[in-house]
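Structural overview for review
Below are the chains, spelled out letter by letter.
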Amino acid sequence: MATTDRQATTLALAHALSAAERGLAVIPLSRSKLPALRSPHRDDPAPSPCHGACGRLGHGVYDASSDPDRIRELFAATPWATGYGIACGLPPHHLIGLDLDVKTGTDSSAALRELALRHLFTIPPTVVVVTPSGGRHLWLSGPPEVVVPNSAGRLAPGIDIRGAGGYLVGPGSRTDQGVYAAAPGTAHLAPAPCPRSLLRLLLPPPRDHHPVPTAAGGHGQGLVQFVLAAHEGQRNTRLFWAACRAYEDGIGPALVTPLVDAALHTGLSEREARTTIASAARMTGHRP
């Protein structure tokens, strides 16, 4: 390993341990910003969802810990790590991340200001992390009884939300794009409480409950649960797979609404969900 990589790993571990002292749970990340440890189930012929119950490392954000010995163990297993991720939604801060992107051609900061004016909230002084591309991550804390889902562009164009099951790249991390750094004057701050009116916007709107039709049976319920268990990065894939199985088994039309509801619960938009299901229908030779 190059000396610079060893230095980056040492610095990443130091920053991760510092974050843990503030009660934040962390995992090592590679230069690609992905978890540095690969899943121990990657070669299983039919992997079932596992959040670490098997006792092995490599379960992404579910490996996150604020215990110094555990963190050192994680980094010892990943000498190529050059950064760290901070798990969202966990106590004591129940972290919520607002990711203001600058690569989408939209002014995400202006979009957030417009939302604040329209819904009468202000973002209090809080930790702000500047990304290598010039974007910003705003750290907020949520109430322990509320689960904020991950979402991309649902709040406003160019604004992604990191909630339960997601993570933020920690300041001091080195990636292929550059280094993440705390904005001047914010590193010492604690994540500020998320304004209530903003919190309401981050939660999916209540929807009528659509039980799985009796005709779909237990298999249909299993497909819906398969989608509900999806993490960010696999939501569309799981939805597409489940919809294909449903159409192949003749229960596709009956399962459309329950699958859409499940996809919305994971953070997909209704448009994304229905487009994915329609693609599955066409792929299996059915009319959407």
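The structure reproduced in this document is the subject of the present report. (Residues numbered from 1 in each chain as written. Predicted model: local features only at pLDDT ≥ 70, side-chain atom pairs only at ≥ 80, totals over all residues. Heavy atoms only, no water.)

**Some words on the pattern of salt bridges**
Heads up, the rule is: Here, a salt bridge means any side-chain nitrogen of Lys or Arg that lies within 4 Å of a carboxyl oxygen of Asp or Glu. Secondary structure elements follow DSSP: runs of H or I no shorter than four residues count as helices, runs of E no shorter than two count as strands, and numbering proceeds from the N terminus.
According to the stated counting rule, one finds six salt bridges in the structure shown. As a salt-bridge pair, Asp69 and Arg72 come within 3.7 Å of each other at their nearest N and O atoms. One end of the pair is Asp69 and the other is Arg72, both in helix α2 (residues 68-76) and three residues apart, which spans about a single turn. When the shortest N-O distance is used, the salt bridge between Glu114 and Arg118 registers 2.7 Å. Separated by four residues within a single helix, Glu114 and Arg118 lie in helix α3 (residues 108-119), roughly one turn from each other.

**What to know about the sheet that holds strand β2 (residues 83-87)**
Condition: Strands qualify as paired when DSSP identifies two bridges or more between them. For helices, the fitted axis covers only the stretch in contact; all axes are lines through C-alpha atoms, and the angles between them, taken along N-to-C directions, range from 0 to 180 degrees. Residues count as neighbours in contact if any of their non-hydrogen atoms are within 4.5 Å of one another.
The strand order β1-β2-β8 describes an open sheet built from three strands, whose pairing is antiparallel. Looking at strand neighbours, the two that pair on one side only are β1 (26-29) and β8 (167-169), the edges of this open sheet. Recorded for the sheet is a direction-independent mean angle of 35° between the axes of neighbouring strands. Here α2 sits on the sheet in contact with β1 and β2, set at roughly 15° to β1.

**Looking at unusual backbone geometry**
Counted only if it meets this: Buried residues are those whose accessible area, probed at 1.4 Å on protein chains only, stays under 20% of the maximum for their type, while exposed residues exceed 50% and partly exposed ones sit between those limits.
In this structure, Pro92 follows Pro91 across a cis peptide bond, with omega equal to 5°. Relative to the elements of secondary structure, Pro92 occurs in the loop between β2 and β3 (95-100). Even without being a glycine, Leu120 presents a positive backbone phi close to 60°. Residue placement: Leu120 occurs in the loop between α3 and β4 (128-130). Take Leu120: its relative accessible area is 75%, and that puts it in the exposed class.

**Remarks on the packing of aromatic side chains**
How two aromatic rings sit relative to each other is set out by the distance from centre to centre and by the angle between their planes. Which entries qualify depends on this criterion: Each Phe, Tyr or Trp ring (for Trp, its six-membered ring) is paired with any other whose centre lies within 6.5 Å, and the angle between the two planes then decides the class: stacked below 30 degrees, edge-to-face above 60, tilted in between.
This structure, assessed with the given rule, holds one aromatic pair. Between Phe226 and Trp241, the aromatic rings sit 4.9 Å apart at their centres with planes inclined by 50°, giving tilted as the arrangement. Here Phe226, found in helix α5 (residues 217-228), pairs with Trp241, found in helix α6 (residues 235-248); they are 15 residues apart in sequence, far enough to count as distant.

**Some points on α6**
Using the following cut-off: Helices are assigned an expected span. That span is 1.5 Å times one less than the residue count.
For α6, with 14 residues, the first-to-last C-alpha span of 20 Å sits near the 20 Å given by 1.5 Å per residue. At the exit of α6 stands Gly250, carrying a positive phi of roughly 80°.

**Side note on the packing of α6 against helix α7 (residues 252-266)**
Selection criterion: Roughly parallel refers to an angle under 35 degrees, roughly antiparallel to one over 145, roughly perpendicular to one between 65 and 115, and oblique to any angle outside these ranges. Note on convention: near helix rotated counterclockwise from far helix by under a right angle means a left-handed crossing. Clockwise means right-handed.
The N-to-C vectors of α6 and α7 enclose an angle of 165°; their axes lie 10 Å apart at closest approach. Here α7 runs roughly antiparallel to α6, going by the angle between their axes. Considering the relative orientation of α6 and α7, their crossing is right-handed. Of the residues in α7, those in contact with Arg235, Leu239, Ala242, Ala243, Ala246 and Tyr247 of α6 are Gly252, Pro253, Leu255, Val256, Leu259, Ala263 and Thr266.

**A look at the pairing of strand β5 (residues 136-141)**
Most of β5 sits inside the fold, with five of its six residues counted as buried. Bridging between β3 and β5 involves six bridges; their strand directions are antiparallel. Paired with Leu100 across the bridge in β5 is Arg136. Pairing geometry for β4 and β5, over three bridges, is antiparallel. From the neighbouring strand, Val128 faces β5, where its bridge partner is Leu138. Two successive antiparallel strands, β4 and β5, enclose a turn made up of five residues, where Gly134 displays a positive phi of approximately 100°. As paired elements, β5 and strand β12 (residues 192-193) share two bridges and run parallel to each other. Bridged to Ser141 within β12 is Pro193.

**Considerations on the packing of α6 against helix α8 (residues 270-283)**
Threshold: Any residue outside Ala, Val, Leu, Ile, Met, Phe, Trp, Tyr, Cys, Pro, Asp, Glu, Lys and Arg is labelled polar, Gly included; the first ten of those are nonpolar and the last four are charged.
Taken N-terminus to C-terminus, the directions of α6 and α8 make an angle of 45°; their axes are 8 Å apart at the nearest point. With respect to their mutual orientation, α6 and α8 come out oblique. Read as a crossing pair, α6 and α8 show a hand that is right-handed. Of the residues in α8, those in contact with Asn236, Leu239, Phe240, Ala243, Cys244 and Tyr247 of α6 are Glu272, Ala273, Thr276, Ile277, Ser279, Ala280, Ala281 and Met283. Looking at the contact of α6 with α8, its residues break down into 10 nonpolar, three polar and one charged.

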